[in-house]
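# Inside the fold
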Amino acid sequence: MDTRLIELPYGYGALEPVLSAETLALHHGKHLNTYVNNLAAAIPGSGFEGKSLEEIVAAAPKGPVFNNAGQILNHNFYFLQFAPAPKAKEPVGKLAEAIDRTFGSFDAFKKEFSAKAAGLFGSGWVWLAATKDGSLEILQCQNADNPIAAGLTPILTFDVWEHAYYVDYRNRRPEYISALWNILDWEVISGRF
Ligand code: MN
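In this text the structure is predicted, and so the values were computed from the model without any measurement.

Reading the values: rules and limits
Residues numbered from 1 in each chain as written. Predicted model: local features only at pLDDT ≥ 70, side-chain atom pairs only at ≥ 80, totals over all residues. Heavy atoms only, no water. Domains from an automatic or database assignment. Buried area = accessible area lost by both parts, 1.4 Å probe. Salt bridge = Lys/Arg side-chain N within 4 Å of Asp/Glu carboxyl O. Polar contact = N/O pair within 3.5 Å; in protein donor to acceptor, adjacent residues only side chain to side chain. Helix = DSSP H or I, 4+ residues; strand = E, 2+ residues; numbered from the N terminus. Nonpolar A, V, L, I, M, F, W, Y, C, P; charged D, E, K, R; others polar. Buried < 20%, exposed > 50% of the residue type's maximum accessible area, 1.4 Å probe, protein only. Pairing = 2+ DSSP bridges. Axes fitted to C-alpha atoms, helices over the stretch in contact; angles between N-to-C directions. Contact = heavy atoms within 4.5 Å. Core = buried A, V, L, I, M, F, W, Y, C linked by side-chain atoms within 4.5 Å. Left-handed = near helix turned anticlockwise from the far one by under 90°.

## Observations concerning the domain arrangement of the protein
Segmentation of the protein into domains returns domain 1 (21–79) and domain 2 (93–191). Just the C-alpha atoms count here: the centres of domain 1 and domain 2 sit 20 Å apart. Interface of domain 1 and domain 2: buried area, both sides summed, is about 1500 Å²; carbon and sulfur atoms make up 65% of it. Among the residues domain 1 hides against domain 2, the three largest losses belong to Thr23, Asn74 and Tyr78. Together they make up 36% of the total. Counting every contact that joins domain 1 to domain 2 gives zero salt bridges. Inspection of the domain 1/domain 2 interface yields ten residue pairs in polar contact (both at pLDDT 80 or more). Ranked by residues supplied to the side of domain 1 that touches domain 2, first place goes to helix α3 (residues 64–79) with nine residues. Classifying every residue of the side of domain 1 that touches domain 2 gives eight nonpolar, eight polar and three charged.

## Quick word on the pattern of salt bridges
Applying the stated criterion across every chain yields a total of three salt bridges. Close ionic contact of aspartate 2 with arginine 4 constitutes a salt bridge, the shortest N to O distance being 2.7 Å. For arginine 4, a relative accessible area of 59% translates into the label exposed. The shortest N-O distance in the salt bridge between arginine 172 and glutamate 175 comes to 3.0 Å. A relative accessible area of 36% means that arginine 172 is categorised as partly exposed.

## Some details on the sheet that holds strand β3 (residues 153–159)
Strand order across the open sheet formed by three strands is β2-β1-β3, with antiparallel pairing between neighbours. What marks the edges here is a single partner per strand, and that holds for β2 (136–142) and β3. Going from strand to strand, the sheet's axes swing by 25 degrees on average, the running direction of each strand aside. Note: strand β1 (residues 124–130) against β3, six bridges, orientation antiparallel. Bridge pairing links valine 126 to phenylalanine 158 in β3. Strands in contact with α3 are β1 and β3; relative to β3, the strand with the most contacts, it is inclined by about 85 degrees.

## Some thoughts on the pairing of β2
With seven bridges connecting them, β1 and β2 associate as antiparallel partners. Along β2, the bridge assignment pairs tryptophan 125 with cysteine 141. What sits between β1 and β2 in their antiparallel hairpin is a turn of five residues, with glycine 134 showing a positive phi close to 90 degrees.

## Focus on the nonpolar core
Grouped together as the largest cluster of nonpolar side chains are 65 residues, with contacts concentrated most on Leu19, Phe109, Leu128, Leu156 and Trp186. Of all the elements, α3 adds the most residues to this core, at eight residues. Two domains share this core, each providing at least three of its residues, namely domain 1 (21–79) and domain 2 (93–191). If we ignore the near neighbours within four places in the chain, the residues touching leucine 156 are Gln81, Phe109, Phe113, Val126, Trp127, Leu128, Trp181, Leu184, Trp186, Ile189 and Arg192.

## Focus on the packing of helix α1 (residues 21–42) against α3
Put simply, α1 and α3 touch, their axes get as near as 8 Å, and they point 145 degrees apart. Crossing geometry of α1 relative to α3 is assigned as left-handed. Only Val65, Asn68, Ala69, Gln71, Ile72, His75, Asn76, Tyr78 and Phe79 of α3 make contact with α1, whose side of the interface consists of Leu24, His27, His28, Leu32, Tyr35, Val36, Asn38, Leu39 and Ala42. Its residues placed into classes, the contact of α1 with α3 shows eleven nonpolar, seven polar and no charged.

Here you go:
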């Protein structure tokens, strides 16, 4: 992925009522755009000129370059996994098999993932990620951290920074988490595995 602001494949109002147009306009147009601008300011002289987000996140020490590149990469995974009318409402193919093998069932996976998203202290991201041998893990990552920095492959992520849900759900993070499952496009997500 390059470091520019991604275009969303849907309009700001398209994910209502799960995520409002106001939330999308703020989250993509302001928060993500700020990370893009801050990374552009931090890159010159850092040694990461011309590198992809994945290369930066895998190699940069913790600091402004890692934090802003990480937040751009994390938001790209987050926004691009949603659809107003998902083509697949549950995991498909190899990912469906791996989820059943690891967690017992899709419902059991959803329960564990949701509990880890609700229980993450402070700002961060919850991820489903794959190891090199294809086994699955749920990760709780603080701030801008992500599975690529740990050598894993990112598959699914929930943003649990307050800016992701406060306009629509106030402090009710579990309600936001529960609603997000309805707009996940499992065709896109399964393709990441
Ligand atoms: Mn966010």
